[in-house]
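Breakdown of the fold
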Amino acid sequence: MPAYMRLAKSLMEDIRSGTYPTGSRLPTESDLCKQLKVSRHTVREALRILVELGLVQRRPRAGTTVLGQHPTQPFQPSLSSLSELVLFAGLLMQKVLAVEDIVVDAKLATTLSVAPGTHWRRVVSLLSFPEETAPLVYTNVYVPRAYRDAIDTPISGEWEPAPKPARDRIRARHHGVRASELRERMAAVALTRETAGYLRGQPGAPGLELLLAYYQSDGEPVEISRNLFRGDRYSYATRTQLPG
């Protein structure tokens, strides 16, 4: 995990634990740089994530003020932050909808870039930040059958703190199995009647699917997830430095 994400996660945990209560100010950028021995860029990127989550507010000459322990506004990630959102899954709430062992058909094999006829465990769930009214993500997580014992997720029908990512649970149980490569693919899709119902959208409305595939160094897959966002829950934002 990049340094700025580790710092963002640490600050989130401090906010949630009350180390930095609502209304208080976080240390200045300079103080954080000195205390943690990190660059100013690392600090600014970490604070950017907290702002996008609605946890803090930044104002010139007023510093960074804590707004609350949980997001106070719907999180609207940009394309540059969708991967960050999934990596912060441990800070989300999860409602498990289904856990099943499947044989991949030809259509799904093409989507996941795996061999048809192979056996996988699939966990279907919704993810949301605490106190948000609408689910943020409809997700399907796939792990090879050989690792399904690490993904024994109960179906309670209730919102609960999301567990560690599947790849981390697999690594803890199957020593030597470690994800060393991440491949990402994004695609615009239309919400189906089913997914629109889960995400509280309209059938046929635009959505964004983010596919994250984690592989071992030998090219064998460890975890593949399909993460579907409602169209009005993301935006496109980029910055490019031009030559000359």
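These notes cover the structure that comes with them. (Residues numbered from 1 in each chain as written. Predicted model: local features only at pLDDT ≥ 70, side-chain atom pairs only at ≥ 80, totals over all residues. Heavy atoms only, no water.)

**Some points on the environment of Pro27**
Relative to the assigned elements, Pro27 resides in the loop between helix H1 (3-17) and helix H2 (29-36). Counting along the chain gives 38 residues from Pro27 to Thr65, while the straight-line C-alpha distance between them is 9.6 Å. In this structure Pro27 touches Tyr20, Leu32 and Gln35, once residues within four positions along its chain are discounted. (Helix = DSSP H or I, 4+ residues; strand = E, 2+ residues; numbered from the N terminus. Contact = heavy atoms within 4.5 Å.)

**Looking at the sheet that holds strand E9 (residues 221-230)**
Across the sheet, which stays open at both edges, the 7 strands sit in the order E6-E3-E4-E5-E9-E8-E7 with antiparallel pairing between neighbours. Edge positions in the sheet fall to strand E6 (160-161) and strand E7 (181-190), since each of these pairs with one other strand and no more. In the sheet, strand E4 (residues 119-128) pairs with strand E5 (residues 137-144) via 8 bridges, with the strands oriented antiparallel. Bridge assignment links Arg122 to a residue of E5, and that residue is Tyr142. Of the strands in this sheet, E5, strand E8 (206-215) and E9 touch helix H6 (residues 166-173), which is tilted by about 160 degrees from E9. (Pairing = 2+ DSSP bridges. Axes fitted to C-alpha atoms, helices over the stretch in contact; angles between N-to-C directions.)

**Some words on H6**
Listed as buried for H6 are Ala166, Arg167 and Ile170. With its buried residues spanning 95 degrees around the axis, H6 presents them on a single face. (Buried < 20%, exposed > 50% of the residue type's maximum accessible area, 1.4 Å probe, protein only. Arc of directions from axis to C-beta.)

**Some words on the packing of H1 against helix H3 (residues 40-52)**
Where H1 contacts H3, the two axes come as close as 8 Å, and the packing angle between them is 50 degrees. Here H3 runs oblique to H1, going by the angle between their axes. Relative to H3, H1 is oriented so that their crossing is right-handed. Here H1 contributes Ala3, Tyr4, Met5, Leu7, Ala8, Leu11, Met12 and Ile15 to the contact with H3, which in turn contributes Thr42, Val43, Glu45, Ala46, Leu47, Arg48, Ile49 and Leu50. For the contact of H1 with H3, the class distribution of residues is 13 nonpolar, 1 polar and 2 charged. (Parallel < 35°, antiparallel > 145°, perpendicular 65-115°, else oblique. Left-handed = near helix turned anticlockwise from the far one by under 90°. Nonpolar A, V, L, I, M, F, W, Y, C, P; charged D, E, K, R; others polar.)

**A look at the pattern of salt bridges**
One pass over the full model with this rule turns up 12 salt bridges. Where Asp101 meets Arg121, a salt bridge forms, and the shortest distance between an N and an O atom there is 2.9 Å. Taken together, the residues Asp101 in strand E3 (residues 93-103) and Arg121 in strand E4 connect sequence positions 20 residues apart. What makes Asp101 partly exposed here is its relative accessible area of 43%. (Salt bridge = Lys/Arg side-chain N within 4 Å of Asp/Glu carboxyl O.)

**A few points about H1**
Here H1 contains 15 residues, and its C-alpha end-to-end distance of 21 Å stays within 8% of the 21 Å for a straight helix at 1.5 Å per residue. Within the sequence span of H1, burial applies to Tyr4, Met5, Leu7, Ala8, Leu11, Met12 and Ile15. Buried positions in H1, seen along its axis, are confined to an arc of 160 degrees and lie on one side of it. (Expected span 1.5 Å × (residues − 1).)

**Side note on the packing of H2 against H3**
As a packed pair, H2 and H3 sit with axes 9 Å apart at the nearest point and diverge in direction by 115 degrees. Between H2 and H3 lies a crossing whose hand is right-handed. Contacts from Glu29, Ser30, Leu32 and Cys33 of H2 reach H3 at Arg40, Val43, Arg44 and Leu47.

**A closer look at the packing of aromatic side chains**
Scanning the entire structure with this criterion turns up 1 aromatic pair. Geometrically, the ring pair formed by Tyr138 and Tyr198 is stacked, given 5.3 Å between the ring centres and 10 degrees between the ring planes. Here the residue Tyr138 occupies a position in strand E5, and Tyr198 occupies one in helix H7 (residues 193-199), the gap between them amounting to 60 residues. Judged by relative accessible area, Tyr198 falls into the partly exposed class, the value being 30%. The cationic tip of Arg167 hangs over the ring face of Tyr214; the distance from NZ or CZ to the ring centre is 4.0 Å. Sitting over the ring of Tyr215, Arg183 keeps its end group 3.8 Å from the ring centre. (Phe/Tyr/Trp six-rings, centres within 6.5 Å; stacked < 30°, edge-to-face > 60°. Lys NZ or Arg CZ within 6 Å of the ring centre and 35° of its normal.)

**Re unusual backbone geometry**
In this model, Arg61 sits at a positive phi of 65 degrees, which is unusual for a non-glycine residue. Within the element layout of this structure, Arg61 appears in the loop between strand E1 (56-59) and strand E2 (63-66). For Arg61, a relative accessible area of 85% translates into the label exposed. One non-glycine residue, Arg200, lies in positive phi territory at about 60 degrees. In this fold, Arg200 is placed in the loop between H7 and E8.

Any link to function would need more than the numbers given here.
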